[in-house]
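Listed here are the chains, written in short residue letters.
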Amino acid sequence: MIEELNIKNFAVIEDLAIRFGPGLNVITGETGAGKTMLIEALRFLFGFSGPAAACLRTGSKKMEVSAQINIHDASSCLLDELKALEITPDDGFVIIRRTFENEPARSKCFIQDVPVALGTAKKIGRLTIEMHGQGDAQDVYGAGFAQTYLDRWAGLGENLSAYRKIFQDLKDARQKLDDHRRFVTEHLGDIEYLRHNLNELEEIALNPETLDLIENQLPLWISSEQVTQSLSELCDAAGRGETNAAAQVSRAIGLAAKLKDRLGPRHDLEAIGQDLEKCRQALEEVLRQASAIENSLNFDPVRLEELLGLRAKIQKLLAKHKCQSPGELAQIEERLGLKLKTLEDSEVQEAALQKIVSELEDKARRQAAKISKERKKAAGQLEKILTKEIRLLGMDKAGLSLEAAPAQELGWSGSDKIIFWFEPNPGEGRRELRQIASGGESSRAALALKSLLMGRGSSAELNPAPRILVLDEIEQGLSAKAASLIARRLADLSQSHQIFAVTHSPLIASRAGCLFYMEKAMHQGRPA
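Residues numbered from 1 in each chain as written. Predicted model: local features only at pLDDT ≥ 70, side-chain atom pairs only at ≥ 80, totals over all residues. Heavy atoms only, no water.

Colleague: Give a detailed account of the pairing of strand β12 (residues 468–472), specifying residues and quantitative values.
Modeller: Among the 5 residues that make up β12, 5 are buried, leaving the element largely enclosed by the rest of the structure. Going residue by residue along β12, you find Ile468, Val470 and Asp472 tucked away on one face and Leu469 and Leu471 tucked away on the opposite face as well. Relative to β12, strand β8 (residues 129–132) is paired through 4 bridges, and the arrangement is parallel. Residue pairing for β12: histidine 132 is matched across the bridge by leucine 471. Across 5 bridges, β12 lies against strand β13 (residues 498–502) in parallel orientation. Of the residues in β13, the one forming a bridge with aspartate 472 is valine 502. (Buried < 20%, exposed > 50% of the residue type's maximum accessible area, 1.4 Å probe, protein only. Helix = DSSP H or I, 4+ residues; strand = E, 2+ residues; numbered from the N terminus. Pairing = 2+ DSSP bridges.)

Colleague: I'd like a rundown of the packing of aromatic side chains, residues and numbers included.
Modeller: Summed over the entire model, instances satisfying the criterion amount to 6 aromatic pairs. Ring centres of phenylalanine 20 and phenylalanine 500 lie 4.5 Å apart, and the angle between their planes is 85°; on these two criteria the pair is classed as edge-to-face. Here phenylalanine 500 lies in strand β13 and phenylalanine 20 lies in the loop between β2 (13–19) and β3 (24–29), a separation of 480 residues in the sequence. A relative accessible area of 9% places phenylalanine 20 in the buried class. Plain terms: the ring middles of phenylalanine 20 and phenylalanine 516 are 5.4 Å apart, the flat faces sit at 70° to each other, and that makes the pair edge-to-face. Placement of the pair is phenylalanine 20 in the loop between β2 and β3 and phenylalanine 516 in strand β14 (residues 514–518), with a sequence separation of 496 residues. A residue is classified by how much of its surface remains accessible, and phenylalanine 516, at 17% relative accessible area, is buried. Among the aromatic residues, those joined into a ring-pair cluster are Phe20, Phe500 and Phe516. Of note, arginine 97 hangs over the ring of phenylalanine 110, and the distance from its end group to the ring centre comes to 4.2 Å. (Phe/Tyr/Trp six-rings, centres within 6.5 Å; stacked < 30°, edge-to-face > 60°. Lys NZ or Arg CZ within 6 Å of the ring centre and 35° of its normal.)

Colleague: With reference to specific residues and values, describe the environment of alanine 105.
Modeller: With respect to the helices and strands, alanine 105 occurs in the loop between β5 (93–101) and β6 (106–111). For the pair formed by alanine 105 and lysine 61, sequence separation is 44 residues and the distance between their alpha carbons is 9.6 Å.

Colleague: Go over the sheet that holds β5 with me, naming the residues and quoting the values.
Modeller: On the basis of which strands lie adjacent, the open sheet formed by 6 strands has the order β2-β1-β4-β5-β6-β7 and antiparallel pairing. Of all the strands in the sheet, the pair left with one neighbour each is β2 and β7 (114–116). Sheet twist, expressed as the average angle between the axes of neighbouring strands with direction ignored, equals 15°. By the bridge criterion, 6 bridges tie strand β1 (residues 2–10) to β2 in an arrangement that is antiparallel. Bridged to isoleucine 7 within β2 is leucine 16. Sheet strands in contact with helix α1 (residues 35–45) are β1, β2, β4 (62–70) and β5, and its direction is about 95° off that of β1. (Axes fitted to C-alpha atoms, helices over the stretch in contact; angles between N-to-C directions. Contact = heavy atoms within 4.5 Å.)

Colleague: Give a description of the nonpolar core that names residues and reports values.
Modeller: Counting 45 residues, the largest nonpolar core has Ile2 and Leu5 as the members making the most contacts within it. At 6 residues, the largest contribution of residues to this core is made by α1. Filtering out sequence-adjacent residues up to four positions away, isoleucine 2 remains in contact with Phe20, Leu42, Ala67, Gln68, Ile69, Ile129, Ile468, Gln498 and Phe500. Residues Leu382, Ile390, Leu400 and Ala448 belong to the second largest nonpolar core, which totals 39 residues. (Core = buried A, V, L, I, M, F, W, Y, C linked by side-chain atoms within 4.5 Å.)

Colleague: With reference to specific residues and values, describe the sheet that holds β14.
Modeller: With respect to topology, 5 strands assemble into an open sheet ordered β8-β12-β13-β3-β14, the strand pairing being parallel. Looking at the sheet topology across the chains shown, the edges are occupied by β8 and β14. Strand-to-strand twist in this sheet, taken as the mean axis angle between neighbours without regard to direction, amounts to 15°.

Colleague: Could you give me a rundown of the confidence of the model for the chain, with the residues and numbers involved?
Modeller: Here the chain averages 81 in pLDDT, and 90% of its residues register 70 or above. Of all secondary-structure elements in the chain, the lowest mean pLDDT belongs to strand β16 (residues 526–527), at 63, while helix α5 (residues 157–187) reaches the highest, 92. Below pLDDT 50 for its whole length, residues 457–464 participates in 16 contacts with residues either more than four positions away or in separate chains. (pLDDT = per-residue confidence, 0-100.)

Colleague: For α5, give the residues involved together with the corresponding values.
Modeller: The end-to-end C-alpha distance of α5 is 45 Å, a good match for the 45 Å that 31 residues give at a rise of 1.5 Å each. Of all the positions in α5, only Gly157, Leu160, Tyr163, Ile166, Phe167, Leu170, Ala173, Leu177, His180, Phe183 and Val184 are classed as buried. Residues of α5 that are buried in the fold lie against α4 (145–154), α12 (326–344), α13 (346–392), β9 (399–411) and β10 (414–423). (Expected span 1.5 Å × (residues − 1).)

Okay, here's the thing in structure tokens:
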């Protein structure tokens, strides 16, 4: 339940703090005093309102609405949502707060001072509060309301979730089948072209070993004569020639040893000897590596011609397919192979995909039939309950019922089309509620539906009913008798729920557990 509501700079309200009680809270007072603004503030807090800027008090830069909510009797869904957000209630209470600043225009939401997205605030709101204001009766005509209502009443959450998983798999399988058929239709005439291009790429055999030969060895083989001569000269200079660097270094090492014998132990002569030894070892390594390269140039002239031809083909294919590297050609080869296989085996693949679709359709229809059976059972139970409820609200002869009629095809919610039927008077026949009900009848029907679902409480598995009901001038357009009946119904419902009712009706006000009277107060020529 909401224990306290704080509003700052919201419409005509400058600063208001109001504490509510359990049960029926009635807000009444003169027109224009700001009664409906309390409801609009709650809509803003939970993200149910329109543009926030329209609610900002004239001349103010920032508005804020916050509510302290007692969650001791909250639904498990609400508690799980708070847990998922890692929000810890303070001794069974949470504070939800939303602000709006005009410059720059931005809105922020907080739960226990933890920033949350507006979508999260909306989700918390749907689990906490049920709004029924002026014009909200129209939501009983909205797409999906009847189906959602019946499923919540019947507790079909688990079954519906299982069905929807199957249905999503079915949609995905159908999409794959459609994509396959479209691909085959668009490319069936390309088989010979694909096969020719694939053969060209397969012919050059782009394996890592061949690519290494072309990139690293072929340049050496092509210029082998010049390279061989240079390597021979390098080897002679390093260690094979008559006057080579290695011989000179060896001579220098001998001279350093003689100096050491004559001068005795000296650190500088030791360093010279060590550096000369390092030079000798380095020259030996140079000679070894150069000789290895020289030996590797013993190639097969026939293989050289093959590699030259292969390189030419690769360069031609790179230009043809507008690629930068042989690696890209390998990727194209893989894609062409998959396309060709898909086209050549199209009938087999289509049969396999069609089998998956058929199996999932059968599975979905079985699950949908199970749900449909439960819906029909619940609709039968609801007919008497709904009719009794609207008659308690002053429609003495009317009847209200739900029907789970077969749909033309499977949908996201199963194989049923759920319809609200309304019969204003016996013997006149029934028609869809949206086609026949007057404004007053729609308002009472909506109240009856919502209050019944709230009375069912958290036993509904699919989106358990909120524990708070907000009503904005629900008695509008109704007779005194109907208002009296609504007052009695609200008093009954308030035994298990917190209700906020903005009203001008003394009949409803007389049932209040907490009664608030609002009046205009002027400060410096403005409402405050």
